[in-house]
Amino acid sequence: MRILFLTDLHSVLHFVPQLRDRERDIDLCLLGGDFTNFRGEAEARRMLAPLRDAFPRVRAVAGNTDRAPVSALLEREGLSLHGRGEAWQGLWLSGMSGSNITPVHAPTEHTEREITALLEAGAPAHRDPATPWILMTHVPPRD
C-alpha cells in the first residue's frame, strides 16, 4: 500500500502533473490542509480538482488558513476526517482540521479542550492494537 501526504499547498498546483506521473501507484492521498491562503470554497475547489483527478482516494483536513467554507466543502464532498474516523484497508484514519490557538489568529483555530474532543471523536470505538492508526492533523497535537 502506498500513501501520499501533502500539506500546505497554499494555492500552488503546478507540480501536480509531475507528481501524478511519478507517483502512479498511490492508493491513498492524504491532504493536511492549507489549500488556500485565507480564501474560501472556490479556491479550495480549484485546488482539490486536479488532486482528486490524479489520485483514486483522497481524505483531507483543512488547515488553519483555510476558512470555514473550505471545511464545509470537504464535508460535503465526503473527504473530511475532521472529528471523525473511518476504517480503510486494514487502517484506521482520523483527523482534525485547523490548529491550536496561535498569535496570528488564523480562521480555523481550536482550544486545547476542543482539540481533545475532536481527536477523541475520531478514535475507534474499540481500539485493536493490530490495526495501524493514521491520525492526520494540520499541526501536531501537544504531547
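Given the structure is predicted, the values throughout are model-derived calculations rather than measurements. (Residues numbered from 1 in each chain as written. Predicted model: local features only at pLDDT ≥ 70, side-chain atom pairs only at ≥ 80, totals over all residues. Heavy atoms only, no water.)

By way of backbone hydrogen bonds, the strands of a sheet pair with one another, either parallel or antiparallel. Within the open sheet, the three strands sit side by side as S4-S5-S8. Their pairing is mixed. Either end of the sheet is taken by a strand with one partner, and the two such strands are strand S4 (85-88) and strand S8 (133-137). Across the sheet, the axes of successive neighbouring strands diverge by a mean angle of 20°, strand direction being ignored. Sheet topology places S4 next to strand S5 (residues 91-96); four bridges connect them, and they run antiparallel. From the neighbouring strand, Glu86 faces S5, where its bridge partner is Leu93. (Pairing = 2+ DSSP bridges. Helix = DSSP H or I, 4+ residues; strand = E, 2+ residues; numbered from the N terminus. Axes fitted to C-alpha atoms, helices over the stretch in contact; angles between N-to-C directions.)

Now for the nonpolar core. Membership of the largest hydrophobic core comes to 23 residues, with the highest contact counts inside it found for Leu6, Leu31, Phe35 and Phe55. Elements represented by at least two residues in this core include exactly strand S1 (3-6), helix H1 (16-22), strand S2 (28-31), helix H2 (41-54), strand S3 (58-60) and helix H3 (68-76). Ranked by residue count, the leading element in this core is H2, at five residues. Leu28, Leu81, Leu93 and Met136 belong to the second largest nonpolar core, which has eight residues in total. (Core = buried A, V, L, I, M, F, W, Y, C linked by side-chain atoms within 4.5 Å. Buried < 20%, exposed > 50% of the residue type's maximum accessible area, 1.4 Å probe, protein only.)

Right, let's get into the pairing of S2. Neither face of S2 is left uncovered, since the one carrying Leu28 and Leu30 and the one carrying Cys29 and Leu31 both have all their residues buried. Bridging between S2 and S3 involves three bridges; their strand directions are parallel. Within S3, the position partnered with Leu31 by the bridge is Ala60. Once the chain exits S2 it traverses H2 before rejoining the sheet at S3, and the crossover so formed is right-handed. (Right-handed = clockwise from strand over helix to strand, strands pointing away.)

Taken over all residues, the pLDDT of the protein chain has a mean of 94, while the share at 70 or more is 97%. Mean pLDDT per element in the protein chain: H1 is the minimum at 93, and S3 is the maximum at 98. (pLDDT = per-residue confidence, 0-100.)

Turning our attention to the sheet that holds S1. One open sheet holds the three strands; their spatial order is S1-S2-S3, and the pairing between them is parallel. Of all the strands in the sheet, the pair left with one neighbour each is S1 and S3. Adjacent strand axes in the sheet meet at a mean angle of 20° when their direction is disregarded. Across four bridges, the pairing between S1 and S2 is parallel. Residue Ile3 lies in a different strand from S2, and its bridge partner there is Leu28.

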